[in-house]
Amino acid sequence: DASGKKAPEKPKIDESKLMEPRAPIVVIMGHVDHGKTTLMDHIRSAHVVDGEAGGITQHIGAYQVTCRDHKITFLDTPGHAAFTKMRQRGTSVTDIAILVVAADDGFMPQTDEALKIAQKANVPVIVAINKMDAKGANIDRVKQQMQQRNIAPEDWGGETLCTPISALKGQNVDALLELVLLQAEMLDLKANPKGAPEGIVVESQIETGLGPTATVIVQRGTLHRGDSLVCNNRFCRVRMLIDDHGKPMKDARPGTPVRVTGWDEAPEAGATFLGAKNEREAKTIALENDFKARQENLQQSAAPKVMDIDNLMAAIETNKQKVLRVLIKGDVHGSVEALEGCLLDIKSDKVTLEVIDRSVGAISPNDIQMASAAQATIVAFNVKLENGVASLAKHHNVQILAHNIIYELITLVRDAMAELLDPELKENKLGAAEVRQVFELSKAIVAGCMVTEGRITRDGHARVLRKGKAVYEGRIGTLKRFKDDVSEVRAGFECGARVDGFDDYEAGDVLECFEILKIRAQL
């Protein structure tokens, strides 16, 4: 200020007085078939298990249930190693993790992995010992394993809440929810419902009739219809708020999951959104963020690289290396990111994988043009082709690898990478013939032979061996039985044979016939 006066500072609001209890946000984790989905379904009492492709929960959504007049929010995250990235993101929003352990199997590698992720994020764990009615269920063994992992159960003098359940029969699931509320009470979870909304995007997708939508969890403030939001380089004027049953909502308070429509494009899963004064401000901030991100990318790519002999050799080596360029498409943002993580995890010294673009939604003609220009393969998870895309892909010679089961898709990509490698050539001996006498036949020298093993074939590869050493290699151009031309002669029969371009046969030479097999190279 030119007059030297300072602008009056805004009085700081003491948020502690405005804090109100909020719903705990819970994630269910554990090994792939220990009953996470069954437990979620029982809690949600909807049955989505049957329709799942490949038995993995594909879409990260979120839903809310009520237990003793208290609300609990569940993050519906897929529980397979393929989704570690999402799962890690899942736990960064999370207050409590339920670790499902099957009573008959005990702790498995994925159970330990899930436990580590929760501990790394400082999220308290509640252990649900599932399948307590299964054959070979041993609850004490699970508790012993818990003790070994420094999460001793309460009844063994530890601090970890733990209960046996049967997700299939729904036994004791209410007791589990009570434990969640107990843990939440100990954590004393509070948030300020007043002020501008703020929260995290759990999932985003493009929905028919609704356009880009995002499932978000409000962390502070209250989200209303008509609010303006910014999420990195995306903005939104909230057209509709939809709850987990598909019904419209007026507002969403902290801890509440809600689907938001009205985005310019699907925002990135895992990103934070903030409220803005109005749509114009939201759009301006989003554009500024986009500009900043582009500038940073440009600076990184334009940084001068010091060129010494090592770098030069490395660059030459990289140029020689085979590269599979891919363009990733997925039904929702989370699966695109998870798929990218999985593909980049494919280890190979011979072929590198490069992701040139990733986006949500059906495969469009634009994707084909882009893939064609970059000589890339389209890898698509759980999406359809727009009209006319299949013929366009054929015309531009663009390969599309599509599947709705993530492991199958990864296998298809591995195969495509292996196909880039030059096949390994392997020689397979077909047979041998011994030269008994040499005679001239219409101006050509032919070796009269006895086939001693396997078979000799016309046009087959052959080498002439003399005293065990190869003196010539070529193809068998003439092969006769008596006066007839034949295509092959088997062991025990005599024949007349000539290797193209060689006339210097001697009795006792051996003609060895072989084929060259192309074997697909391994990654």
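Scope of this entry: the structure provided in the associated data block. None of these values were measured; they are calculated from a predicted model.

What counts, and at which threshold
- Residues numbered from 1 in each chain as written.
- Predicted model: local features only at pLDDT ≥ 70, side-chain atom pairs only at ≥ 80, totals over all residues.
- Heavy atoms only, no water.
- Core = buried A, V, L, I, M, F, W, Y, C linked by side-chain atoms within 4.5 Å.
- Buried < 20%, exposed > 50% of the residue type's maximum accessible area, 1.4 Å probe, protein only.
- Helix = DSSP H or I, 4+ residues; strand = E, 2+ residues; numbered from the N terminus.
- Contact = heavy atoms within 4.5 Å.
- Phe/Tyr/Trp six-rings, centres within 6.5 Å; stacked < 30°, edge-to-face > 60°.
- 1 Å grid on protein atoms, 1.4 Å probe; cavity = no way out; pocket = protein on both sides within 12 Å on 5 of 7 lines; lining within 4 Å.
- Points joined across faces, edges and corners; volume = space filled by probe spheres on them.
- Nonpolar A, V, L, I, M, F, W, Y, C, P; charged D, E, K, R; others polar.
- Axes fitted to C-alpha atoms, helices over the stretch in contact; angles between N-to-C directions.
- Parallel < 35°, antiparallel > 145°, perpendicular 65-115°, else oblique.
- Pairing = 2+ DSSP bridges.
- Disulfide = S-S within 2.5 Å.
- Salt bridge = Lys/Arg side-chain N within 4 Å of Asp/Glu carboxyl O.
- Polar contact = N/O pair within 3.5 Å; in protein donor to acceptor, adjacent residues only side chain to side chain.

Moving on: the nonpolar core. Counting residues in hydrophobic clusters, the biggest one holds 26 residues, and the most contacted among them are Ile28, Leu39, Ile43, Ile72, Phe74 and Ile98. Of all the elements in the fold, those that place two or more residues in this core are β2 (25-30), α1 (36-44), β3 (61-67), β4 (70-76), β5 (96-102), β6 (125-130) and α5 (173-187). With 7 residues, the top contributor of residues to this core is α5. For Ile98, the residues in contact, after removing those within four places along its chain, are Val26, Val27, Ile28, Met29, Leu39, Phe74, Ile126, Ala128, Leu176 and Val180.

Let's shift gears to the packing of aromatic side chains. How two aromatic rings sit relative to each other is given by the distance of their centres and the angle of their planes. Summed over all chains, the structure comprises 2 aromatic pairs. Centre to centre, the rings of Tyr472 and Phe502 are 5.1 Å apart; their planes meet at 25°, and the pair counts as stacked. Of this pair, Tyr472 sits in strand β25 (residues 469-481) while Phe502 sits in the loop between β28 (494-499) and β29 (510-519); the two residues are 30 residues apart in sequence, bridging distant segments of the chain. Its relative accessible area of 27% is what places Tyr472 among the partly exposed residues. With centroids separated by 5.0 Å and ring planes inclined at 85°, the aromatic side chains of Phe502 and Tyr505 adopt a geometry described as edge-to-face. The exposure classification of Phe502 matches that of Tyr505, with both residues buried.

Next up on the list: the layout of surface pockets. Counted as a void, the largest pocket has a volume near 630 Å³. Lining the largest pocket are 18 residues, with Arg234, Glu265, Ala266, His333 and Arg358 sitting closest to its centre. Taken together, the elements giving at least two residues each to the lining of the largest pocket come down to α8 (333-344) and β19 (351-360). Residues of the lining of the largest pocket, tallied by class, amount to 7 nonpolar, 4 polar and 7 charged.

Moving on: the packing of α1 against α5. The N-to-C vectors of α1 and α5 enclose an angle of 85°; their axes lie 11 Å apart at closest approach. Between α1 and α5, the angle is such that the two are roughly perpendicular. Across the interface between the two elements, Leu39, His42 and Ile43 from α1 touch Val173, Leu176 and Leu177 from α5. Partitioned by chemical class, the residues of the contact of α1 with α5 number 5 nonpolar, 1 polar and no charged.

For the rest of this paragraph, the subject is the sheet that holds strand β20 (residues 377-381). Across a sheet, paired strands are connected by hydrogen bonds in the backbone, their directions being either parallel or antiparallel. Spatially, β19-β18-β20-β21 is the arrangement adopted by the 4 strands of the open sheet, whose pairing is parallel. Only two strands of the sheet have a single partner each, and these edge strands are β19 and β21 (400-403). Averaged over all pairs of adjacent strands, the angle between their axes in this sheet comes to 20°, without regard to strand direction. In the packing of helix α9 (residues 365-374) onto the sheet, contacts are made with β18 (322-330), β19, β20 and β21, and the angle to β18 comes to roughly 170°. Taken strand by strand, helix α11 (residues 406-419) contacts β18, β19, β20 and β21, and its axis lies near 160° from that of β21.

The tally for this structure, following the rule as stated, stands at 0 disulfides. Between Cys236, a cysteine without a disulfide, and Cys231, which holds the nearest cysteine sulfur, the sulfur-to-sulfur distance is 9.7 Å. Of all cysteine sulfurs in the structure, the one in Cys449 sits closest to Cys495, which takes part in no disulfide; the separation is 5.0 Å. With relative accessibility at 8%, the residue Cys495 sits in the buried group.

Its identity is not glycine, yet Lys131 carries a phi of approximately 55°, on the positive side. Tracing the chain through its elements places Lys131 in the loop between β6 and α4 (139-148). The backbone of Asn397 sits at a positive phi, close to 60°, despite the residue not being glycine. Of note, Asn397 is situated in the loop between α10 (389-395) and β21.

Turning next to the pattern of salt bridges. When charged atoms on two side chains of opposite charge get close, those side chains can pair. As enumerated under the stated definition, the model contains 26 salt bridges in all. The partner of Arg463 in a salt bridge is Glu473, and the shortest N-O contact between them spans 3.1 Å. Placement of Arg463 in strand β24 (residues 461-466) and of Glu473 in strand β25 is noted, with a sequence separation of 10 residues between them. Residue class for Arg463 comes out buried when judged on its relative accessible area of 13%. A relative accessible area of 48% places Glu473 in the partly exposed class. Salt bridges sharing common partners tie together Glu427, Lys429, Glu453, Arg463, Glu473 and Glu512.

Time to look at the environment of Trp263. The topology assignment puts Trp263 in strand β16 (residues 257-263). Looking at Trp263, the relative accessible area reads 5%, which means it is buried. Each C-alpha atom of the pair Trp263 and Arg234 lies 7.2 Å from the other, and the pair is 29 residues apart in sequence. If we skip the residues at most four places from it in the chain, Trp263 touches Pro212, Thr213, Ala214, Leu229, Cys231, Arg234, Phe235, Cys236 and Phe273. Here the side chain of Trp263 touches Val260 through a polar contact of 3.3 Å, landing on its backbone oxygen.

A few words on the sheet that holds β2. Sheet architecture is open: 6 strands sit in the order β3-β4-β2-β5-β6-β7, paired in mixed fashion. The sheet is open, and its two borders are formed by β3 and β7 (162-164), each paired with just one other strand. The mean angle between the axes of side-by-side strands here comes to 25°, regardless of whether they run parallel or antiparallel. Here 3 bridges tie β6 to β7, and the two strands are oriented parallel to one another.

Function-wise, these values are silent; they only describe arrangement.
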